[in-house]
There are 2 protein chains.
Amino acid sequence: MLAAWLALPLHNAGSLQRTIGRILELHRTCWLLDHRERLVESAWLGRGRYRSVGWPRPRRTRCTVTNQAHVLSLYRGGEPFRTDSSAKHFKVMDQDGEVNPLTIAIVGFGNFGQFLAKAFIEAGHRVVGFSRSDYHAVASQLGCVFESNADELLERHHPSVLVLATSILSTEQVLRQFPTEKLENCLVVDVLSVKVYARELMLRYLPVSSDILATHPMFGPESGRDSWRGLPFVFERVRIRRYERCEAFLDIFRSRGCTLVEMACQEHDHYAASTQFITHTTGRMLAELKITSTPINTRGFESLLAVVETTVRDSFDLYYGLYRFNPNAKEELNKMQRALERVRSRLEEYDRLYQAAESKRQ
Amino acid sequence: MLAAWLALPLHNAGSLQRTIGRILELHRTCWLLDHRERLVESAWLGRGRYRSVGWPRPRRTRCTVTNQAHVLSLYRGGEPFRTDSSAKHFKVMDQDGEVNPLTIAIVGFGNFGQFLAKAFIEAGHRVVGFSRSDYHAVASQLGCVFESNADELLERHHPSVLVLATSILSTEQVLRQFPTEKLENCLVVDVLSVKVYARELMLRYLPVSSDILATHPMFGPESGRDSWRGLPFVFERVRIRRYERCEAFLDIFRSRGCTLVEMACQEHDHYAASTQFITHTTGRMLAELKITSTPINTRGFESLLAVVETTVRDSFDLYYGLYRFNPNAKEELNKMQRALERVRSRLEEYDRLYQAAESKRQ
């Protein structure tokens, strides 16, 4: 599996930096474990862009790579390279090391599932689409296989990662009908726009031995059409025992340039209600108004037109899902109505003052 | 004044095209009159970009340059070159022709007035700022003179163009107090965001011998900070007798790359209510909600943040002006509230159906 290891002591920041320079082109993700083999930090090395002396400092412990690291191992493509936790060594997989692609099942093979499948395939992984509807043709066009029977999906393909790309409204139903007991050693990932709810569902329906990653790519086939660079990808490692596999999955998003944002599900829902839900509601309000392009659009109006276009392209089911399953959404909707009412009141108050002043002048 | 004329018959499209190619670098605006010397069409020749065989076809007559044009004269910088209307000739001012800059008074020398002054000065015109507040320092920094007495403004500087860069709310008051009877041979231009009202005010307060141009640059110091390229500049020639001067003024906007949109004031207000007023109202509603950037902004949400930023930077006076003096604004505000109410009703209706279906399933 490994052609060679490269090891150097960690007390010398200068040599570490030079070594990182040399290996930069070969490897993309490194991860750092503490002495109990818990994940402390992972970092991604992009081509030509890395923080040289400082690897990113771990946020949750005082341990830093250059003086207190216990084990740091680099891997590529999800290969599980755990190393001796006693050595204060910086270990690197050789370029010739075999790459082990993941087999990723995508449950729910609609627009968003297909959009993800394309990226997974481009990253060199095996993808199996799964849905009760027939997507054989689409799948073969994308370059992946397709199954519509869950048992066959698991027995034939043994996916190590299973991505729930179902709609918010259908996810519970899907999990209920799925042979979840067979997902024992799987990493299960959801991509729902509501996270507290998704986390709860996965913890409730999945076997305790499965790994769980809750994610929300804050983009879709429209906004991520040309590039994913700089687009936020939110995640919480809900229950992860096999770090390498999880990191290999996150790597797909890192290597396309997403900004990875690690965040508790609850915090996500708090932010999402005051951003994504408000954006969707504004878009749908303006769509009801039937705003359209004119010969005299201001820049601001063009931005609003773009918002309408992207929000109405998403299903009403998604919008309703945000409303129903984000515990903060209803209050945000109330706030929007009150805000518009206040704008109106201010105009009317101003109007009274202006007219009074006018009649005095005349 | 004119160093040379270049004339060629109009029946030969090939030679016309070659000649246009040669004069392209020298001249920017041409205009076409019909046999009664009424303006049929004006066209702008940008550096390296012109429609070669076809000058833009006149929209209001069937007359085209290559076969039926009566008079076509080119001028630069507002020089009034009318020519013999009997000759079927294409006449061109020589490069060495003297340029006659306009003297432009800007009445109301706040943010927007100063923003315009800068562009007028850069185009080579003389600018005189005018306001009752003291802007001497700002004016001298911009490279123009400043007056705070209207009679002195007119007697000392004899402006040929007077731009009303006053706020919507103050314009009538300013016109009432201004010695408008002295604007007999002036071109008066307004830049208000409401056009029917501005047109009426100008027709009511200005002497019949003045020329009137109603305009609305659909941008400001913020949105036009880096470039005016592609930004709409709406105008109606309300009452123009001296085309050249009017075209020389419009040239300032043409040559900076604005998209010139000729449109009746009424039509402008119809469009503006359903674009600009809605944008401002959306921006103010979201500002009331205090939306702010988060680590997980979607692209759509970032657009909304930008809309808020630009709308709240404008004064509430401007927003109120749009509301009060655009006859369509009140109805648009009603429509927005109803639209938001409909979005809410749809969500609640969906909720009832979903919960009914859920309780059946369980």
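Residues numbered from 1 in each chain as written. Chains lettered and ligands numbered in written order. Predicted model: local features only at pLDDT ≥ 70, side-chain atom pairs only at ≥ 80, totals over all residues. Heavy atoms only, no water.

Enquirer: What am I meant to see in the overall build of chain A here?
Expert: In terms of helices and strands, chain A carries 12 helices and 13 strands. Taken across its 362 residues, chain A has 54% of its residues classed as buried. Excluding contacts between residues fewer than 6 apart, the proportion of contacts in chain A whose partners are at least 24 apart in sequence is 66%. Accessible area of chain A: about 16200 Å², with a carbon and sulfur share of 46%. (Helix = DSSP H or I, 4+ residues; strand = E, 2+ residues; numbered from the N terminus. Buried < 20%, exposed > 50% of the residue type's maximum accessible area, 1.4 Å probe, protein only. Contact = heavy atoms within 4.5 Å. Areas by Shrake-Rupley, 256 points an atom, 1.4 Å probe, with all protein chains shown as cover.)

Enquirer: For this particular structure, what's the right way to read the side chain of Glu332(B)?
Expert: Structurally, Glu332(B) is set in helix α12 (residues 329-361). Discounting residues that sit within four places of it in the chain, Glu332(B) has contacts with Ala273(B), Ser274(B), Phe277(B) and Ile278(B).

Enquirer: In this structure, what is going on with the interface of chain B and chain A? I would like to understand it.
Expert: Think of interface size as the accessible area that goes away when the parts come together; that is how it is often given. If you look at the interface, chain B gives 67 residues, while chain A gives 66 residues. Taken over both partners, the interface formed by chain B and chain A buries close to 6500 Å², and the fraction arising from carbon and sulfur atoms is 67%. Seen at the junction of chain B and chain A, the total is four salt bridges. Put simply, chain B and chain A have 16 residue pairs in polar contact (both at pLDDT 80 or more) between them. Sort the elements by how many residues they give to the side of chain B that touches chain A and α12(B) lands first, with 20 residues. In terms of residue class, the side of chain B that touches chain A is made up of 32 nonpolar, 19 polar and 16 charged. (Buried area = accessible area lost by both parts, 1.4 Å probe. Salt bridge = Lys/Arg side-chain N within 4 Å of Asp/Glu carboxyl O. Polar contact = N/O pair within 3.5 Å; in protein donor to acceptor, adjacent residues only side chain to side chain. Nonpolar A, V, L, I, M, F, W, Y, C, P; charged D, E, K, R; others polar.)

Enquirer: What's the story with the pairing of strand β7 (residues 126-130) of chain A in this structure? I'm lost.
Expert: All names here are of chain A. Burial of β7 is extensive: four of the five residues sit out of reach of the surface. Pairing analysis gives three bridges linking β7 to strand β8 (residues 145-147), with the strands arranged parallel. Each residue of the ladder has a partner; that of glycine 129, found in β8, is phenylalanine 146. As for the winding sense of the linkage, the β-α-β connection from β7 through helix α4 (residues 136-142) to β8 is right-handed. (Pairing = 2+ DSSP bridges. Right-handed = clockwise from strand over helix to strand, strands pointing away.)

Enquirer: Which parts of the structure should I look at to understand the relation of the copies chain B and chain A?
Expert: Both copies of the chain are tied together by a single rotation about an axis and a shift running along it. Overlay of chain B on chain A (RMSD 0.2 Å): rotation 179°, translation along the axis 0.0 Å. Both chain copies can therefore be described as sitting about a two-fold axis. Residues of chain B ranked by C-alpha distance from the rotation axis are headed by Ser303(B), positioned 2.9 Å from it. Interface overlap between copies is the fraction of interface residues in one copy that are interface residues in the other; for chain B against chain A it reaches 99%, indicating a shared surface. (Least-squares fit on C-alpha atoms with pLDDT ≥ 70 in both.)

Enquirer: Can you walk me through the sheet that holds strand β9 (residues 161-164) of chain B in this structure?
Expert: Two orientations exist for strands paired in a sheet by backbone hydrogen bonds: parallel and antiparallel. All names here are of chain B. One open sheet accounts for eight strands, arranged β8-β7-β6-β9-β10-β11-β12-β13; its pairing is mixed. Sheet topology places β8 (145-147) and β13 (259-262) at the edges, where each strand pairs with a single neighbour. Averaged over all pairs of adjacent strands, the angle between their axes in this sheet comes to 25°, without regard to strand direction. Here helix α7 (residues 195-205) sits on the sheet and contacts β9, β10 (187-190), β11 (211-217) and β12 (232-239); the angle it forms with β11, its principal contact strand, is near 160°. (Axes fitted to C-alpha atoms, helices over the stretch in contact; angles between N-to-C directions.)

Enquirer: Any chance you could explain the UniProt feature "coiled-coil region" (unreviewed entry) in chain A here in plain terms?
Expert: Residues annotated in UniProt with the feature "coiled-coil region" (unreviewed entry) correspond here to residues 326-360 of chain A. Taken end to end, residues 326-360 of chain A is 91% helix and 0% strand, and its two terminal C-alpha atoms sit 53 Å from one another. (UniProt positions renumbered as here; feature names shortened; annotations may be inferred.)

Enquirer: Sorry if this is basic, but what is going on with the pattern of salt bridges here?
Expert: When the charged atoms of two side chains lie near each other, side chains of opposite charge can form a pair. Inspection of every chain in the model, using the stated rule, returns 48 salt bridges over all chains. For Arg176(B), the salt bridge identified is with Glu172(B), shortest N-O distance 3.5 Å. Of this pair, Arg176(B) and Glu172(B) both sit in helix α6 (residues 171-177), four residues apart, which is roughly one turn of that helix. Judged by relative accessible area, which is 37%, Arg176(B) ranks as partly exposed. Connected through shared salt-bridge partners, Arg237(A), Glu247(A), Asp251(A), Arg254(A) and Glu262(A) make up one network.

Enquirer: Where do I start with the packing of helix α12 (residues 329-361) of chain A against helix α11 (residues 316-325) of chain B in this structure?
Expert: Each pair of packed helices can be summarised by the angle the axes make with each other and by the distance between the axes. Interaxial distance between α12(A) and α11(B) falls to 10 Å at its minimum, and their mutual angle equals 80°. Relative to α11(B), α12(A) is oriented roughly perpendicular. For the pair formed by α12(A) and α11(B), the contact residues are Val343(A), Arg346(A), Leu347(A), Glu348(A), Tyr350(A), Asp351(A), Tyr354(A) and Gln355(A) on the first element and Phe316(B), Asp317(B), Tyr319(B), Tyr320(B), Tyr323(B), Arg324(B) and Phe325(B) on the second. Taken together, the residues of the contact of α12(A) with α11(B) sort by class into nine nonpolar, one polar and five charged. (Parallel < 35°, antiparallel > 145°, perpendicular 65-115°, else oblique.)

Enquirer: Teacher, can you tell me more about helix α3 (residues 111-122) of chain A here?
Expert: Two residues of an α-helix separated by three or four positions point the same way, owing to the 3.6 residues in each turn. Residue and element names in this part refer to chain A. Given a rise of 1.5 Å per residue, 12 residues ought to cover 16 Å, and the 17 Å separating the end C-alpha atoms of α3 matches this to within 8%. In this structure, the buried residues of α3 make contact with β6 (103-107), β7, α4, β9 (161-164) and α8 (243-255). A positive phi of about 95° marks glycine 124, the residue just after α3. (Expected span 1.5 Å × (residues − 1).)

Enquirer: Just to check I follow, could you spell out the packing of aromatic side chains for this structure?
Expert: The description of an aromatic ring pair rests on the distance of the ring centres and on the angle between the ring planes. On inspection of all chains with the given rule, the structure shows 46 aromatic pairs over all chains. Between the aromatic rings of Phe277(A) and Tyr323(A), the centroid separation amounts to 6.4 Å while the plane-to-plane angle is 25°, which identifies the pairing as stacked. Residue Phe277(A) is found in helix α9 (residues 265-288), and its partner Tyr323(A) is found in helix α11 (residues 316-325); the two are separated by 46 residues along the sequence. Across the pair, exposure class does not vary: Phe277(A) and Tyr323(A) are buried alike. Ring centres of Phe219(B) and Trp228(B) lie 4.9 Å apart, and the angle between their planes is 55°; on these two criteria the pair is classed as tilted. Each member of the pair Phe219(B) and Trp228(B) is classed as buried. By the ring-pair criterion, three or more aromatic residues cluster together here, those being Phe112(A), Phe115(A), Phe120(A), Phe219(A), Trp228(A), Phe233(A), Phe235(A), Phe249(A) and Phe253(A). Between the NZ or CZ atom of Lys330(A) and the centre of the ring of Tyr323(A), over which it lies, the distance is 4.8 Å. One cation-aromatic arrangement involves Arg346(B) over Phe316(A); the distance from NZ or CZ to the ring centre is 4.1 Å. (Phe/Tyr/Trp six-rings, centres within 6.5 Å; stacked < 30°, edge-to-face > 60°. Lys NZ or Arg CZ within 6 Å of the ring centre and 35° of its normal.)

Enquirer: I keep staring at helix α9 (residues 265-288) of chain B and nothing clicks. Help me out?
Expert: Residue and element names in this part refer to chain B. Maximum bend of α9: about 50°, positioned at alanine 272. Burial analysis of α9 places 17 of its 24 residues in the buried class, the great majority of the element. Phi turns positive one or two residues past the end of α9, at lysine 290, with a value near 55°. (Bend = angle between axes of the 7 residues up to and from the residue.)

Enquirer: Would you mind going over the packing of α9(A) against α12(A) with me for this structure?
Expert: Residues and elements named next belong to chain A. Between α9 and α12, whose axes approach to 10 Å, the crossing angle comes to 55°. Between α9 and α12, the crossing angle belongs to the class labelled oblique. Judged by the sense of rotation from one axis to the other, the crossing of α9 with α12 is right-handed. Along the contact surface, α9 presents Ala273, Ser274, Phe277, Ile278, Thr281 and Thr282, while α12 presents Ala329, Glu332, Leu333 and Met336. Within the contact of α9 with α12, the residues separate by chemical class into six nonpolar, three polar and one charged. (Left-handed = near helix turned anticlockwise from the far one by under 90°.)

Enquirer: Would you mind showing me how to read the side chain of His280(B) here?
Expert: Residues and elements named next belong to chain B. Among the secondary structure elements, histidine 280 is positioned in helix α9. Among the residues examined, histidine 280 registers a relative accessible area of 6% and is labelled buried. Look past the residues within four positions of histidine 280 in its chain and what remains in contact with it is Thr311, Asp314, Leu318, Tyr319 and Leu322.

Enquirer: Can you walk me through the confidence of the model for chain A in this structure?
Expert: Should the pLDDT be low somewhere, the predicted coordinates at that spot are not to be read in detail. Taken as a whole, chain A shows an average pLDDT of 78; of its residues, 72% reach a score of 70 or greater. Per the prediction output, this complex has pTM 0.72; the corresponding ipTM is 0.72. (pLDDT = per-residue confidence, 0-100.)

Enquirer: Could you clarify how one ought to interpret the UniProt feature "domain: Prephenate/arogenate dehydrogenase" (unreviewed entry) in chain A in this entry?
Expert: Within the UniProt annotation, "domain: Prephenate/arogenate dehydrogenase" (unreviewed entry) is assigned to residues 102-362 of chain A. Between the end C-alpha atoms of residues 102-362 of chain A there is a gap of 80 Å, over a span that is 54% helix and 15% strand.

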